[in-house]
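Report on the structure
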Amino acid sequence: MATCAPDNFPLLEDVHDETAQKANEEHLKMPASSEMAHEKAQSHISTIPKSEVPNRDDGSTSFSAADTPQIVRNKVPMRRKLLTPNPDGEEPFDNIEEAQVLPQIFISNNTYTYVERVALFCDHIIGQCSAEDVDEAISFYIIEKLASKRSWTAVWKTSPEVLLVNCDIGDLPFVGVLVDVNCTPCEGKTLPLRVSVSVAEPYSSNIANLPRELVEDVLREHDYSVPILDVYPIQGLGADVDNIAEYLEHARFFYDFLWRDWDDEEECDEYAGLIEKRIQLYYDIQDGTIPGPISERYRKTLEEYRSKRLDLTKFQTKIRGEALPGEAVECWKKYYEMSMLCGLLKFWEDLRLRSHGPFYPRIYKRRKGQRTSGRIVTHIVAQIMTTDMIKNFSQDTLIQQHDSLSAALDSCFSGDTVVVFPGEYHAVALASLTDDITIKGEGERKEVVFYSDPSHDNFVASKASKVMLMNLTLVQHGTCDGIVVVESGQLTLDNCVLKCQGTGVCVLTGASLVMKNCEISGAKGAGVELYPGSVAELHRNEIHHCSNQLAKDSKGSQGGINLKVLPQPQLKLTDNHIHNNHGFGVTILVPDNLYKASEEDLEQTASGDKNETDYLSKALQKLSLEITTNKLESNTKGDIGLLRKMWVNS
């Protein structure tokens, strides 16, 4: 690779005039995906300290074909060579052709919702792929569109270090050059991971005095091919090229926001499910569901992790032959620094960065959707099926009989119904409900009993659009999370008994619960816990003897129903009986900065002072609470109250 001589090459402040810079401001920003392409290239040499790195005779790092990744993570960095005077004694590039201003690149006006991105990445691109195969899946996705137009003009964006050394580049984010692109696959490669390029006319760059000869030298060393994600089609080339640009943006979005460097180093049975969680995390950050200070801490930690990983890789490549003791120690030190940041990021992602009592979402199973035939099946769960069991079914009902509840749930598609006849059942499969189904007990609810599996964290967990549980008794044994967790979508509980040993019913951000004619008891926290931004309708339920675990902590008692405020959940209560809970019947958990009340005011509020009515009135109005015709009695701290909580504000 070429470098520029510092004494002869003008400083890079001599870029195009201010007007031209402003005109190109939007596309002069170096995207993270382009930087990551080079960082991944470096980082995949090794992330575990080694005493040796293979070398060629010329001293440069070598890699086997097996080491080469599937897509833009090119492990062989562009090499540099020093520009020297020619035989006549003339300095290189005395006569520099001034580059023209870069044309505008295509920027799509389309916006994508959470559902659309899940459908694109999880269903269309990734599907059943593992993390190790996702690069190839992304490649095939791009290839589908490249077939429509093989040649077009684009801006090649690359890191300044690729072209320039010993130059004052200031805060220049990237070097851009106008190139003609040819998407014909390179000979000997199964996928067009790189595209052939040549310098386009007129010669254009975001650096006015960038020598064309320098660009030609760099491209020549790499057979005039560059990573496909480093080229950005310009606007005005027609619908086919615009579509290619949008496909490339989708790929960059994946590597910028969804991919993690540790993904292909660990096993994950449901990688598409993991990506779906990260898409949700992305939108939670964008819409403010996750508090700004927390998301900023996460972003900075992720940047620090990537920097540490790249620093480790660069350090490893400098080790020649057997590592000296000092080098080995330094290598391990960098590795552990990177590993600690990696562990912290995983922890935060699993907890969805919730500063207000994070909950661990665990469903990674992919939904099936409806059968391709469109037919709906009723599943019978019973050891023996008799004609009396199905006498009330219509003649056109499709029926399948199963010996176990798990077998029935594994056979379900969206729209199916599971009818469970009296008996006791172990409900492992209830921990991952992803399709819209109805599960109902036949007969009295006390006769159809589901027991949790102590080896699982969840008992019932739902993320489908619409799930219904009817006429059942749920007995929690050993699971540490809520007896019922609504991760997303809507869950309806109708005429069910919930006997808790851990926490009660948890409704996560954005999810919805409809509960009627149910009984909840024995929860070690609140009987019903509403996370910020959730919705719940509770009608004719009995919630009692909850929050027992915190009985010695009067300030932390969560009572029968607990609402976390940030942003506000919505709760509608009608004809419920909430009694004998430790704490308030309904507890509204507010952060310090929401209601500017002093600690003395809040203590007076909790003890029944005259200010209580004012504070509760404000809270009920602010939180869209509808509380009518309910019976609240014998709760240790009162019927409805506010509790103050310190939020993380780093």
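Residues numbered from 1 in each chain as written. Predicted model: local features only at pLDDT ≥ 70, side-chain atom pairs only at ≥ 80, totals over all residues. Heavy atoms only, no water.

1. What to know about the overall build of the chain
The condition that has to hold: In DSSP terms, a helix is any run of H or I states spanning at least four residues, a strand is any run of E spanning at least two, and both are numbered starting from the N terminus. Note on classification: 1.4 Å probe, protein chains only; a residue is buried when its accessible area is under 20% of the maximum for its type, exposed when over 50%, partly exposed between these limits. Any pair of residues with heavy atoms lying within 4.5 Å of one another is described as a contacting pair. Surface accessibility in these figures is a Shrake-Rupley result with a 1.4 Å probe; residues are shielded only by whichever protein chains are displayed.
Along the chain, the regular secondary structure elements total 13 helices and 32 strands. Counting the 650 residues in the chain, one finds 52% classified as buried. For the chain, the share of sequence-separated contacts (at least 6 apart) that also reach a separation of at least 24 residues comes to 70%. Counting every atom, the chain has about 29700 Å² of accessible surface; 48% of that belongs to carbon and sulfur.

2. Focus on the sheet that holds strand 22 (residues 519–521)
Each strand in a sheet pairs with another by means of backbone hydrogen bonds, the pair being arranged parallel or else antiparallel. How we decide: Here the rule is simple: two strands pair whenever DSSP picks up at least two bridges between them. Fitting a line to C-alpha atoms yields each axis, with helices limited to the stretch in contact; the angle taken between N-to-C directions then spans 0 to 180 degrees.
Read from one edge to the other, the open sheet built from eight strands follows the order 11-13-16-19-22-25-28-31, with strand pairing classed as parallel. Two strands bound the open sheet, and with one partner strand each, they are strand 11 (423–426) and strand 31 (631–633). Geometrically, the sheet is characterised by an average inter-axis angle of 10° between neighbouring strands, direction not taken into account. Here strand 13 (residues 448–451) runs beside strand 16 (residues 473–475); their pairing, made up of three bridges, is parallel. Residue pairing in the sheet places Tyr451 in a bridge with Val475 of strand 16.

3. Notes on the pattern of salt bridges
Pairs can form between side chains of opposite charge once their charged atoms are near each other. What counts is decided by this rule: What makes a salt bridge here is a side-chain nitrogen of Lys or Arg within 4 Å of a carboxyl oxygen of Asp or Glu, nothing more.
All told, the structure shown has 13 salt bridges when counted by the stated rule. The partner of Arg299 in a salt bridge is Glu303, and the shortest N-O contact between them spans 2.5 Å. Remark: Glu303 and Arg299 occur in helix 9 (residues 292–317); sequence separation between them is four residues, near one turn of the helix. For Glu303, a relative accessible area of 43% gives the class partly exposed. Here Asp416 makes a salt bridge to Arg371, at a shortest N to O gap of 2.9 Å.

4. Considering the environment of Met515
Looking at the element boundaries, Met515 is found in strand 21 (residues 512–516). Met515 gets classed as buried once you look at its relative accessible area, which sits at 0%. Separated by 47 residues in sequence, Met515 and Met468 have C-alpha atoms that sit 9.9 Å apart. Residues contacting Met515, with those up to four places away along its chain left out, are Leu493, Ile520, Val528, Glu537, Leu538, His539, Asn541 and Ile543.

5. Notes on the nonpolar core
Note the threshold: Here, nonpolar core means buried Ala, Val, Leu, Ile, Met, Phe, Trp, Tyr and Cys residues that are tied together by side-chain atoms lying within 4.5 Å of each other.
Counting residues in each nonpolar core, the largest one holds 56 residues, and the members touching the most others are Trp152, Leu210 and Phe254. The leading source of residues in this core is helix 7 (residues 239–258), at eight residues. Membership of the second largest hydrophobic core comes to 55 residues, among which are Leu498, Val505, Leu530 and Val586.

6. Side note on the side chain of Gln476
Condition: N or O atoms closer than or at 3.5 Å make up a polar contact, with two conditions inside protein: a donor-capable atom paired with an acceptor-capable one, and, for residues adjacent in sequence, both atoms drawn from side chains.
Along the polypeptide, Gln476 turns up in the loop between strand 16 and strand 17 (484–486). In this structure the side chain of Gln476 is engaged in a polar contact, spanning 2.9 Å, whose partner is the backbone nitrogen of Gln501.

7. Focus on the packing of aromatic side chains
Convention followed: Only the six-membered ring of Trp is used, alongside the rings of Phe and Tyr, when aromatic pairs are assigned; centres must lie within 6.5 Å, and planes under 30 degrees apart are stacked while those over 60 apart are edge-to-face, with the rest tilted. Consider the ring centre and the ring normal. A charge sits over the ring if Lys NZ or Arg CZ is within 6 Å of that centre and within 35 degrees of that normal.
Going through the model one piece at a time under the given rule, you end up with 16 aromatic pairs. Summarising the aromatic geometry, the rings of Phe254 and Tyr255 are spaced 5.2 Å apart at their centres and angled 85° between planes, so their arrangement reads as edge-to-face. Comparing Phe254 with Tyr255 shows no difference in burial state: the two are buried. The rings of Tyr114, Phe121, Phe253, Phe254, Tyr255, Phe257, Trp259, Tyr282 and Tyr283 are connected pair by pair, giving a single aromatic cluster. The ring of Phe253 carries Arg117 above its face, with NZ or CZ at 3.8 Å from the centroid. The lysine or arginine in question, Lys157, covers the ring of Tyr232, its NZ or CZ lying 4.4 Å from the ring centre.

8. Focus on the packing of helix 3 (residues 114–126) against helix 7
Threshold: Our angle categories are set so that under 35 degrees counts as roughly parallel, over 145 as roughly antiparallel, 65 to 115 as roughly perpendicular, and the remainder as oblique. Think of it as three bins: nonpolar holds Ala, Val, Leu, Ile, Met, Phe, Trp, Tyr, Cys and Pro, charged holds Asp, Glu, Lys and Arg, and polar takes everything else, Gly as well.
Axis separation between helix 3 and helix 7 bottoms out at 12 Å; the angle between their running directions is 100°. Our classification of the angle between helix 3 and helix 7 gives roughly perpendicular. Residues Arg117, Leu120, Phe121 and Ile126 of helix 3 touch helix 7, and the partners they reach there are His250, Phe253, Phe254 and Leu258. In terms of residue class, the contact of helix 3 with helix 7 is built from six nonpolar, one polar and one charged.

9. Quick notes on helix 3
Residues that lie three or four places apart on an α-helix share one face, since the helix turns once every 3.6 residues. Of all the positions in helix 3, only Arg117, Val118, Leu120, Phe121, Cys122, Ile125 and Ile126 are classed as buried. Against the buried residues of helix 3 lie helix 4 (134–146), helix 7 and helix 8 (271–286). Gly127 sits one or two positions beyond helix 3 and adopts a positive phi of about 60°.

10. Quick word on the environment of Leu237
Looking at where Leu237 falls in the secondary structure, it is placed in the loop between strand 7 (231–233) and helix 7. Assessed through its relative accessible area of 34%, Leu237 is described here as partly exposed. As a C-alpha pair, Leu237 and Trp152 span 85 residues in sequence and 7.6 Å in three-dimensional space.

11. So, the state of the cysteines
The line we're drawing: A pair of cysteine sulfur atoms is labelled a disulfide when the two atoms are within 2.5 Å.
As enumerated under the stated definition, the model contains zero disulfides in all. Of all cysteine sulfurs, the one in Cys518 lies closest to Cys496, which takes part in no disulfide; the gap is 4.7 Å.

12. Here's the deal with the pairing of strand 18 (residues 490–494)
Across the five residues of strand 18, four count as buried, placing the element largely inside the fold. Two elements, strand 15 (residues 466–470) and strand 18, share five bridges in a ladder whose sense is parallel. When the bridges of strand 18 are listed, Val467 appears paired with Leu491. Looking at chain direction, strand 18 and strand 21 are connected through five bridges and run parallel. Residue pairing across strands places Leu491 opposite Leu513, the latter belonging to strand 21.

13. A few points about the confidence of the model for the chain
Formally: The pLDDT value tells you how sure the predictor is about a given residue, anywhere from 0 up to 100.
Residues at a pLDDT of 70 or more form 70% of the chain, whose mean pLDDT is 75. In this model residues 186–192 is a low-confidence stretch, pLDDT under 50, and it forms eleven contacts with partners more than four residues away in sequence or in other chains. Long-range and interchain partners of residues 646–650, a stretch whose pLDDT sits below 50, account for 16 contacts in this model, where long-range means more than four residues apart.

14. As for unusual backbone geometry
Residue Pro202 is reached from Glu201 by a cis peptide bond, and omega for that bond is -10°. For Pro202, the position within the fold is in the loop between strand 5 (194–199) and helix 6 (212–221). Positive phi, close to 60°, is recorded for Asn517, a residue that is not glycine. Note on placement: Asn517 falls in the loop between strand 21 and strand 22. The class of Asn517 is partly exposed, set by a relative accessible area of 29%. Phi is positive for Asp575, close to 60°, though the residue is something other than glycine. Tracing the backbone shows Asp575 in the loop between strand 27 (570–574) and strand 28 (577–579). According to the relative accessible area criterion, Asp575 is partly exposed, its value standing at 40%.

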